Amino acid sequence: MNKLQLLSKPAWKHFLGIEGIHDLPLPALLAADQLWEHIRASGTTTPTPSDYASWAQASAESDPLSWLEHLNTAVITLVPSEMANVIGAKQLLVSTSVPPPPGSNEPSENMGAWDPCKYDGNARVRKVSIYPWDLPVDWQEALRRAAEGLPGARAAAPARDILKRMRDKLCQCAWSAREAGLALVLSKEVVDQYLTDLETRLRLRPHGIRWATMRATVEELHRFARYGGLVSEEDTGYLGKRLSRYTLYEQGQDALKFSALLETGNTTLGMLDKADALLLQATEESVAWRRHLLRNAGAILGLYSIVPLRNADADLTFGDTLFWEAGTWVIDTEIQKTAHHNPERLVVPLEPDYAKYIDAVVQGDYAARHLPDLRARAMKSGGALFVRDKGKYTSPTYIPRLFKTYAGTSFTTTRTMLHTDQATSRGEAGTRDTMVMAQQRGPETAKKYQAKNVRQVAVRRVQAAAADRRAKLVTTDLMKQLRALSTEEDTPYEDF
């Protein structure tokens, strides 16, 4: 279509008297012509930046920014009052124009071969550990075999994350042996020296010795002993005994995640309130990158408080692990547990109250009326749910870091928080339901959370009994005054 044919259309009769219209390039006129068609079809009388951005994506899906550039050239002459809206539309598109890198969510096990003891000239200085390339040669060979997935003497090759942890524990153990002048072998003497050194360092930490840390340490040494076949039967058996001992100690000590929840007072309902507050704050924020950050933070707090995915599975991707189906968002993902070679599948259709957190991210700064088109576009283009401002890629730590910043506790507490709330309010039924959502099956998990619930109930009963005894020692009026000064009784779960 040439200029004469285009300007002969009825929609242009109101603009023909404008000076400079015949000097406009054809691409600018074509963009404006498409705009008139969109306005006529939609009935829009006062377009907003999100309208222009949506029209640009519909008119030139492969390059909507160029369409807006051409349109901007046209509106400068034809309707200069709309220049601000067109500029705002370009800013909207820039914020979501860069897709995440392909394959960024593939598990590490699918990556190429790697050398766990490869020399690295840029490695940081270590204080209580030696470098992997300084380990005994036979240890390095065993680690490399495990990295290739080859079976060991008495155990299968571990997953990559476990292998890295095993290697790091061996490096610490070797450091302790060298410092004590002992031979670098996993003997009873070396193991005792390493565990003594580790306990000494842990005692200096704010939370003291964590038996879970000691258990995990011995577990990796025992795993290596069984895999490598380099340790005597006697010393392997000794590692097994130490592992059993620390496992018992761990069972009698509440995990730090329980303490963290107690310190912050976080509950599932409280976290959802924080999420909603962040989304509201985002609507009132004038700076674009801050709005984007607050929306992401609110969605992360709200979504993962109800679907407590592990760090490795939290980075959801449209069309891969996140789908718009039957009028709601559906999480459909494989759960990569470090101890399992075969991933489990989790499928969760979200209720509207929780699907709204994904919608908030998808909608961004667009008007709500464009949400259906934005959902369809997200599913068609794919990409990660959570990206940085202007579409920049996120690191694997982005979601956990944002959660900790705004929640006050680490991302790993989400399962514990949901378990605590549900076990306290609904008992065993709550624990069973939470185990499904938290991708847990083992009976030991249920026992652990039920035991925690029993202790909490017992503490409340003791406190109530003590309060009754105190009530008998003071007058009724004085007791009323004391209770008026105290905080409200802890009943955050009754409506959960």
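On a predicted model such as this, the values are computed, not experimentally measured, just so you know.

Topic: the overall build of the protein
Counting its secondary structure elements, the protein contains 19 helices and three strands. Across the 496 residues of the protein, 44% fall into the buried class. Considering only residue pairs separated by 6 or more positions, the protein has 64% of its internal contacts joining residues 24 or more positions apart. Counting only carbon and sulfur atoms, one obtains 53% of the accessible surface of the protein, whose full area is about 26600 Å².

Notes on the packing of aromatic side chains
Scanning all chains against the criterion turns up 11 aromatic pairs. Relative to Trp36, the ring of Phe15 lies with its centre 4.8 Å away and its plane at 5°, an arrangement referred to as stacked. Here the residue Phe15 occupies a position in the loop between helix H1 (3-7) and helix H2 (26-42), and Trp36 occupies one in helix H2, the gap between them amounting to 21 residues. Trp36 carries the same exposure label as Phe15, and that label is buried. Considering the side-chain rings of Trp139 and Phe224, the 5.8 Å spacing of their centres and the 65° angle between planes classify their relative orientation as edge-to-face. Of this pair, Trp139 sits in helix H6 (residues 137-147) while Phe224 sits in helix H9 (residues 211-228), and the two are 85 residues apart along the sequence. Classification of Trp139 by relative accessible area gives buried; the value is 4%. The buried category is assigned to Phe224, whose relative accessible area is 2%. A connected cluster of aromatic rings, assembled from ring pairs, spans Trp12, Phe15 and Trp36.

Things to note about the sheet that holds strand S3 (residues 344-349)
With respect to topology, three strands assemble into an open sheet ordered S1-S2-S3, the strand pairing being antiparallel. In this open sheet, the two strands that pair with only one neighbour each are strand S1 (322-325) and S3. The sheet shows a mean angle of 20° between the axes of neighbouring strands, taken without regard to direction. Sheet topology note: the strand S2 (residues 328-335)/S3 ladder contains six bridges and is antiparallel. Looking at the pairing, Thr333 lines up with Leu346 of S3. Across the sheet, helix H15 (residues 371-381) touches S1 and S2, and the angle it forms with S1 is around 135°.

So, a positive patch on the surface
Where like charges cluster on the molecular surface, the positive patch consists of Arg388, Lys390, Lys392 and Arg401. Its location among the elements puts Lys390 in the loop between H15 and helix H16 (398-407).

Some points on the packing of helix H13 (residues 288-306) against H16
Relative to each other, H13 and H16 sit at 90°, their axes nearing to 9 Å. Judged by the angle between their axes, H13 and H16 are roughly perpendicular. Along its contact with H13, which presents Arg290, Leu293, Leu294, Asn296, Ala297, Ile300, Leu301, Tyr304 and Ser305, the element H16 presents Tyr398, Ile399, Leu402, Phe403, Tyr406 and Ala407. The residue makeup of the contact of H13 with H16, split by class, is 12 nonpolar, two polar and one charged.

Considering the pattern of salt bridges
Per the stated rule, a full pass over the model turns up 17 salt bridges. Asp115 is the salt-bridge partner of Arg144, the closest N and O atoms lying 2.9 Å from each other. With Arg144 in helix H6 and Asp115 in the loop between helix H5 (83-94) and H6, this pair connects stretches of sequence that are 29 residues apart. Its relative accessible area of 29% is what places Arg144 among the partly exposed residues. Its salt-bridge partner being Arg291, residue Asp365 comes within 3.0 Å of it at the nearest N-O pair. Linking Asp365 in the loop between helix H14 (352-363) and H15 with Arg291 in helix H13, this pair joins segments that are 74 residues apart in sequence.

Here we look at the confidence of the model for the protein
Summarising the model, the protein shows a mean pLDDT of 78, and 74% of its residues fall at 70 or more. Looking over the protein, one finds the lowest element-wise mean pLDDT in helix H11 (residues 256-264), namely 45, and the highest in H6, namely 95. Segment residues 97-111: pLDDT under 50, and 17 contacts once partners within four positions in sequence are set aside and those in other chains are kept. Note on residues 430-463: pLDDT is under 50 here. Beyond four places in sequence and across chains, it has 60 contacts.

Quick look at the nonpolar core
Proteins that are soluble and globular tend to have nonpolar side chains buried together. Membership of the largest hydrophobic core comes to 72 residues, with the highest contact counts inside it found for Trp12, Leu71 and Tyr304. Of all the elements, H13 adds the most residues to this core, at nine residues. Aside from chain neighbours lying at most four places away, what touches Tyr304 is Ala299, Leu309, Ala314, Leu316, Phe386, Ile399, Phe411 and Thr414. Core analysis: the second largest hydrophobic core is formed by 37 residues, Ile130, Met166, Cys171 and Leu221 among them.

With respect to helix H8 (residues 188-203)
Relative to the 22 Å expected for 16 residues at 1.5 Å per residue, H8 spans 22 Å between its end C-alpha atoms, a close match to the ideal helical length. Residues of H8 that are buried: Val190, Val191, Tyr194, Leu195, Asp197, Leu198, Glu199 and Leu202. On its buried face, H8 sits against helix H7 (160-179), H9 and helix H10 (233-251).

Section: the pairing of S1
Relative to S2, S1 runs antiparallel, the two being bridged by four bridges. From the neighbouring strand, Phe323 faces S2, where its bridge partner is Val330. Counted along the chain from S1 to the antiparallel partner S2, the turn is two residues long, and its residue Ala326 has a positive phi close to 50°.

Concerning the packing of helix H3 (residues 49-59) against helix H4 (residues 64-78)
Their axes nearest at 8 Å, the elements H3 and H4 cross at an angle of 115°. Once H3 is placed against H4, the crossing between them reads as right-handed. Contacts between H3 and H4 involve Tyr52, Trp55, Ala56, Gln57 and Ser59 from the first element and Pro64, Trp67, Leu68 and Leu71 from the second. Counted by class, the contact of H3 with H4 contains seven nonpolar, two polar and no charged residues.

Rules of the game
Residues numbered from 1 in each chain as written. Predicted model: local features only at pLDDT ≥ 70, side-chain atom pairs only at ≥ 80, totals over all residues. Heavy atoms only, no water. Helix = DSSP H or I, 4+ residues; strand = E, 2+ residues; numbered from the N terminus. Buried < 20%, exposed > 50% of the residue type's maximum accessible area, 1.4 Å probe, protein only. Contact = heavy atoms within 4.5 Å. Areas by Shrake-Rupley, 256 points an atom, 1.4 Å probe, with all protein chains shown as cover. Phe/Tyr/Trp six-rings, centres within 6.5 Å; stacked < 30°, edge-to-face > 60°. Pairing = 2+ DSSP bridges. Axes fitted to C-alpha atoms, helices over the stretch in contact; angles between N-to-C directions. Patch = residues over 30% accessible without salt bridge, like charges linked within 9 Å, V, L, I, M, F, W, Y side chains within 5 Å. Salt bridge = Lys/Arg side-chain N within 4 Å of Asp/Glu carboxyl O. Lys, Arg positive; Asp, Glu negative; His and termini not counted. Charge placed at Lys NZ, Arg CZ, Asp CG, Glu CD. Parallel < 35°, antiparallel > 145°, perpendicular 65-115°, else oblique. Nonpolar A, V, L, I, M, F, W, Y, C, P; charged D, E, K, R; others polar. pLDDT = per-residue confidence, 0-100. Core = buried A, V, L, I, M, F, W, Y, C linked by side-chain atoms within 4.5 Å. Expected span 1.5 Å × (residues − 1). Left-handed = near helix turned anticlockwise from the far one by under 90°.

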